[in-house]
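# Structure assessment
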Amino acid sequence: MPVKGRIVRISGPLVVAEGMRGVQMYEMVRVGHEGLIGEVTRIRGDEAYIQVYESTSGLRPGEPVEGTGAPLSVELGPGLLGRIYDGVQRPLPEIAEAIARTAPHRRMFVERGVNVPALDRERKWTFHPGDPDTGKTLRPGDKVGPGDVLGWVQETSIITHKIMVPPGVRGRLKSIAPEGDYTVTDVIAEVESDGEVREVHMMHRWPVRVPRPYRVKLDPTEPLITGMRIIDTFFPMAKGGTGAIPGGFGTGKTVTLHSLAQWSAARVVIYIGCGERGNEMTEVLIRFPEYKDPWTGKPLMDRTILIANTSNMPVAAREASIYVGITLAEYYRDMGYDVLLVADSTSRWAEALREIAGRLEEMPAEEGYPSYLASRLAEFYERAGRVEALGSPERLGSVTVVGAVSPPGGDFTEPVTSHTKRFIRVFWALDTKLAYSRHYPAINWIISYSAYVDLVEEWWHKNVDPRWRSYRDEAMEVLMREDELQEIVRLVGTESLEERDKLILDTARLIKDGFLKQNAFDPIDAFSPPEKQFKLLQMILDYYKKARELVEKGATVAQIREAVGRLYVEMAKAKFEVPNDRLDQIDELRARVLKALEGLEARLG
Amino acid sequence: MLGVREYTRVSEIRGPLLVVEGVSRVAYDEIVEVELPSGEKRRGRVLEVNRNVAVVQVFEGTTGVTTTGTRVRFLGKPLEIPVSEDMLGRIFNGLGEPIDGGPQVEAEERRDVNGAPLNPAERDYPEDFIQTGVSAIDGMNTLVRGQKLPIFSGSGLPHNVLAAQIARQATVRGEAEEFAVIFAAIGIKYDDYLFFRKFFEETGALNKVAMFVNLADEPAMIRLITPRAALTLAEYLAYERDMHVLVILTDMTNYAEALREISAAREEVPGRQGYPGYLYSDLASIYERAGRVKGKKGSITQMPILTMPNDDITHPIPDLTGYITEGQIVLSRELHNRGIYPPINVLMSLSRLMKEGIGPGKTREDHAAVSNQLYAAYSRGVELRSLAAVVGEESLSEVDRKYLKFADEFERRFLSQGVRENRTIEETLDLGWEVLSILPEEELTNIKEELIRKYHPKYRGRP
């Protein structure tokens, strides 16, 4: 019997109801006459404290509150890809349609109290029994358990959606539907256990705050190629890894995250706009169907799910949106896909926690954030990973999590950034100074780090070039040395440096201009394939090594620059002048540069 | 909603807050009328309801309010203002009531000032280039229709002059239609208000302008309503009357200060520097009311102005604003002191929607490349300038000295312009090429070869 109580207090997104004895912690409740969605966050006596996911304006004490008997859950099944949901998985286009039915001129606004299911109940999907990869088919009488693949549905042009036995269902298969068209609520199979028959549908629900089960968690080994040079070459992400991208406003967090969502080699991308700009979600929504997935050539939206709780939408739903997103990610991971989850921004999520905690009059820790901020962050990032999924056939899937952090005043010592650093393994620190000079992506190469360099080395050596690591490390050394030299330059200027050091400055500039800087809006430069990344770096460093030899033989940097002449500019521009399918031109340019230097060598004798 | 109910049991008065007991069925966010024993009426709204107790925020302040004899009427609805096309050309107070001596507004509709969040799935992406005639903006921080682009300023800097210049010159190329301007004065000084009023009168723009005015000596709590009232009218004009509306909100610092005051009165747990933890969400509920909507002709472009306390861009108000708005135009005291107008610090400025509004068919094919190169070169020039101050110019290489010259010329010729000087985008870009041509050609690493051949003065047969 669901609990029924009534409102006694309203303060912003917090509602207190009495007569709620028997309600569960984190149970989803319906608040007021309009049935607004809320979640119980504290219970005291027969009073429940409820965070409400919609505007509470106009609510009055005395209005009813009803329990639903279940925690806040998401709907999982075919029809998720290509959609845009709000923070509690209501489809935004359908909300607009629903509003337009009663008030056509209000359709552009999100009004409250609109109830639309996440998955379309009418749409029919063609269900094919059997596993799509192995062809293995389950028959009545077979023993089945969670994760066993019953069949599949072609969800989009790129994603085959596996229909699996949901977690918690185990027994003998009593029946399985033949190939045909079904809605997500039609019975697709029956599983019998101890004389009890459980119906299995293409859709099931899962509570968002509970991680979905898997068999075993594995170490990440493969890089998640993103096409961004500074990331792939210097601070690589791994499939199943965790990363944070902190930066003050204007440093390019969102552009970098969009690039990740657009270009990375993930099969499914979940993009959570958590307390960010409305136009940014609109941009993704309008552009992604036009863009092609670089790995399959199909529309990008066919692999993407958007969760949008923009900054002006109710704050409590911001808190939920992160959990909704990661639950969807785990679901596709369980099918055996590599999923990338992008959360922009975790700081807004933390602020939502802070706001709710403040209304609950909890004792604040640093900067007003609740003391459980760190443990919540840890729980979230721990849901990432490469796993062996439950069920048969055996499959590996991964969830890679990248969270943006928006530190106030760009200060990385603030609580959200500093706690996040404890739980992630890749740190892409965005730098205001780089952004001011329009060096994008403004990832600072001195303070950023990746713990996956050793893990992904093997992949690069096998698939691109066995010298990858040595080139990468040497380039890093040049950049580090340049940073030290800049300190000296600030005191004495460049002219009084030794030639060897001048060459370092010169090379570092070439690495920055010709490699690190990348234009996300240039048709060629936006995506740099791994081979191109390697060849560009190889070209620059071979130039550097040869030039260093000459300097040791007495040449000056001025002579070297004169010898290479315009080739220097060509090296800097190769990233966007050389098409990605004509990489031989980089080799050719490299040969010309080395030849010019050999000419100088000959002249010097 | 229920009808009007009246109560008299005021148990506590604290700052702008009244605590009223013995109430029943009071709604959160409901609007309230407070009648003093003298017969004076003030307005307020419900901030919290707890069983039979309501906490009411009084807009005009609680000075002179007593616990006895005060009547509190709950009006059973949220704060609404009338909206109508006839409001253009009129001047209102911060709550949307006429103060220009003209007649009451014949409402075409009444709307809740709080508005409702725009559905991201119903938004259209802003991409129409607005030519402001200001090179630093058009060339390097392009504004597009439906964008929210604030001016970060400091006290004494010419932000008002710049905002007025933009309001006067802003056009979308190829369209005759002018912007309707809605001007919200939030706690500003009387002379600032006069400046804008005179400006709109002189330019003859007043009939396309609606002003909502809350002056510095008027009640602070009304500042929380003023921008919302202005935006409520803007939404009506944009989405029901197909108008392109430019909303100027000045000064958002005063708004945030009023919010802090109410938060302190409620004894809330503060975030940074005493501002409430929800300052971000609250500011967003204002700034996000800009944009374009699918299937609607009109648009709302926002230009909030805020003065950074102590010129500190990391102060919570500019900081949180920058996280919400689509870029920022930052004014620099240093440039201002050197007599440069507009004193825009382009390095710290940014327009996030620029990329959508520029390029072939919109401005010119070389726009993005020129802008990138100007940024890269100027930032290097500025860096070298501070280096030269320490080690002397002679310790710099020849190329570096050219960068110094570039930085000076950039500020003198590209950045500087007259208050009435209205440059076309072509003029701006050509000027950009001219100053870039000070540098050796191989320094132009951000520009593709073919564009250099086409636009560089050297190849266009110029000196």
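Residues numbered from 1 in each chain as written. Chains lettered and ligands numbered in written order. Predicted model: local features only at pLDDT ≥ 70, side-chain atom pairs only at ≥ 80, totals over all residues. Heavy atoms only, no water.

## As for the sheet that holds strand β14 (residues 180-182) of chain A
Whenever strands of a sheet pair, they do so through backbone hydrogen bonds, lying parallel or antiparallel. Residue and element names in this part refer to chain A. Pairing is antiparallel across the open sheet formed by 4 strands, whose spatial order is β12-β11-β9-β14. The sheet is open, and its two borders are formed by β12 (160-164) and β14, each paired with just one other strand. When strand polarity is set aside, the average angle formed by the axes of neighbouring strands in this sheet is 40°. Looking at chain direction, strand β9 (residues 125-129) and strand β11 (residues 149-154) are connected through 2 bridges and run antiparallel. Of the residues in β11, the one forming a bridge with Pro-129 is Gly-151. (Pairing = 2+ DSSP bridges. Helix = DSSP H or I, 4+ residues; strand = E, 2+ residues; numbered from the N terminus. Axes fitted to C-alpha atoms, helices over the stretch in contact; angles between N-to-C directions.)

## A word on the packing of aromatic side chains
A complete count under the given rule lists 30 aromatic pairs over all chains for this structure. Ring centres of Tyr-323 of chain A and Trp-349 of chain A lie 6.3 Å apart, and the angle between their planes is 65°; this geometry places the pair in the edge-to-face category. Of this pair, Tyr-323 of chain A sits in helix α5 (residues 315-334) while Trp-349 of chain A sits in helix α6 (residues 346-359); the two residues are 26 residues apart in sequence, bridging distant segments of the chain. Comparing Tyr-323 of chain A with Trp-349 of chain A, the two get one shared label, buried. When the ring of Phe-410 of chain B is compared with that of Phe-414 of chain B, the centres are 5.2 Å apart and the planes differ by 15°; the resulting orientation is stacked. Residue Phe-410 of chain B and its partner Phe-414 of chain B are located together in helix α11 (residues 398-415), separated by 4 residues, close to a single helical turn. The pair formed by Phe-410 of chain B and Phe-414 of chain B is uniform in burial state, with each residue classed as buried. (Phe/Tyr/Trp six-rings, centres within 6.5 Å; stacked < 30°, edge-to-face > 60°. Buried < 20%, exposed > 50% of the residue type's maximum accessible area, 1.4 Å probe, protein only.)

## Examining the sheet that holds strand β15 (residues 171-172) of chain B
Residue and element names in this part refer to chain B. Across the sheet, 3 strands lie side by side as β13-β12-β15; this open sheet has antiparallel pairing. Each edge of the open sheet is held by one strand with a lone partner, namely β13 (143-144) and β15. Judged from the 2 bridges that link them, strand β12 (residues 129-131) and β13 form a sheet pairing that is antiparallel. Each residue of the ladder has a partner; that of Ile-130, found in β13, is Leu-143.

## Quick look at helix α11 (residues 468-492) of chain A
Counted at 1.5 Å a residue, the expected span for α11 of chain A with its 25 residues is 36 Å, and the 36 Å between its end C-alpha atoms agrees. Among all positions of α11 of chain A, only Trp-468, Arg-469, Tyr-471, Arg-472, Glu-474, Ala-475, Met-476, Val-478, Leu-479, Glu-482, Leu-485 and Val-489 of chain A are buried. Here the buried face of α11 of chain A lies against α2 (229-234), α10 (453-463), α12 (499-516) and α13 (530-552) of chain A together with α10 (367-391) of chain B. The positive-phi residue at the C-terminal boundary of α11 of chain A is Gly-493 of chain A, with phi of around 85°. (Expected span 1.5 Å × (residues − 1). Contact = heavy atoms within 4.5 Å.)

## Some words on the environment of Ser-437 of chain B
Residues and elements named next belong to chain B. Here Ser-437 is to be found in the loop between α12 (425-436) and α13 (449-455). Accessibility expressed as a relative area gives 29% for Ser-437, which makes it partly exposed. As a C-alpha pair, Ser-437 and Phe-406 span 31 residues in sequence and 8.7 Å in three-dimensional space. Not counting the four nearest positions on each side in its chain, Ser-437 is found in contact with His-456 and Pro-457.

## Observations concerning the interface of chain A and chain B
Taken together, the contacts link 85 residues of chain A with 93 residues of chain B. A combined buried area of about 7,300 Å² lies between chain A and chain B, and 50% of that area is made up of carbon and sulfur atoms. When the area that chain A buries against chain B is broken down by residue, the three leading residues are Arg-60, Met-108 and Phe-249 of chain A, summing to 12%. Viewed at the interface, chain B and chain A are joined by 14 salt bridges. There are 42 residue pairs in polar contact (both at pLDDT 80 or more) connecting chain A and chain B. When residues of the side of chain A that touches chain B are traced back to their parent elements, those giving at least two are β1 (4-11), α1 (92-102), α4 (278-287), α5, α6, α11, α12 and α15 (567-577) of chain A. Among the residues forming the side of chain A that touches chain B, the class breakdown is 31 nonpolar, 23 polar and 31 charged. Alignment of β1 of chain A against strand β5 (residues 41-50) of chain B, held across 2 bridges, turns out to be antiparallel. When the bridges of β5 of chain B are listed, Arg-9 of chain A appears paired with Asn-50 of chain B. (Buried area = accessible area lost by both parts, 1.4 Å probe. Salt bridge = Lys/Arg side-chain N within 4 Å of Asp/Glu carboxyl O. Polar contact = N/O pair within 3.5 Å; in protein donor to acceptor, adjacent residues only side chain to side chain. Nonpolar A, V, L, I, M, F, W, Y, C, P; charged D, E, K, R; others polar.)

## Things to note about the pairing of strand β4 (residues 31-35) of chain B
Residue and element names in this part refer to chain B. For β4, the buried fraction is high: 5 of the 5 residues fall into the buried class. Residues of β4 alternate between two faces, with Ile-31, Glu-33 and Glu-35 on one and Val-32 and Val-34 on the opposite face, all of them buried. As paired strands, β4 and β5 are joined by 5 bridges and run antiparallel to one another. Note that in β5 the partner of Val-34 across the bridge is Arg-42. Here β4 folds back onto β5 in antiparallel fashion, the turn holding 5 residues, of which Gly-39 has a positive phi close to 95°. Direction of pairing for β4 relative to strand β7 (residues 71-74): antiparallel, over a ladder of 4 bridges. Bridge pairing in β7 places Glu-35 opposite Arg-71.

Keep in mind these values describe shape, not function.
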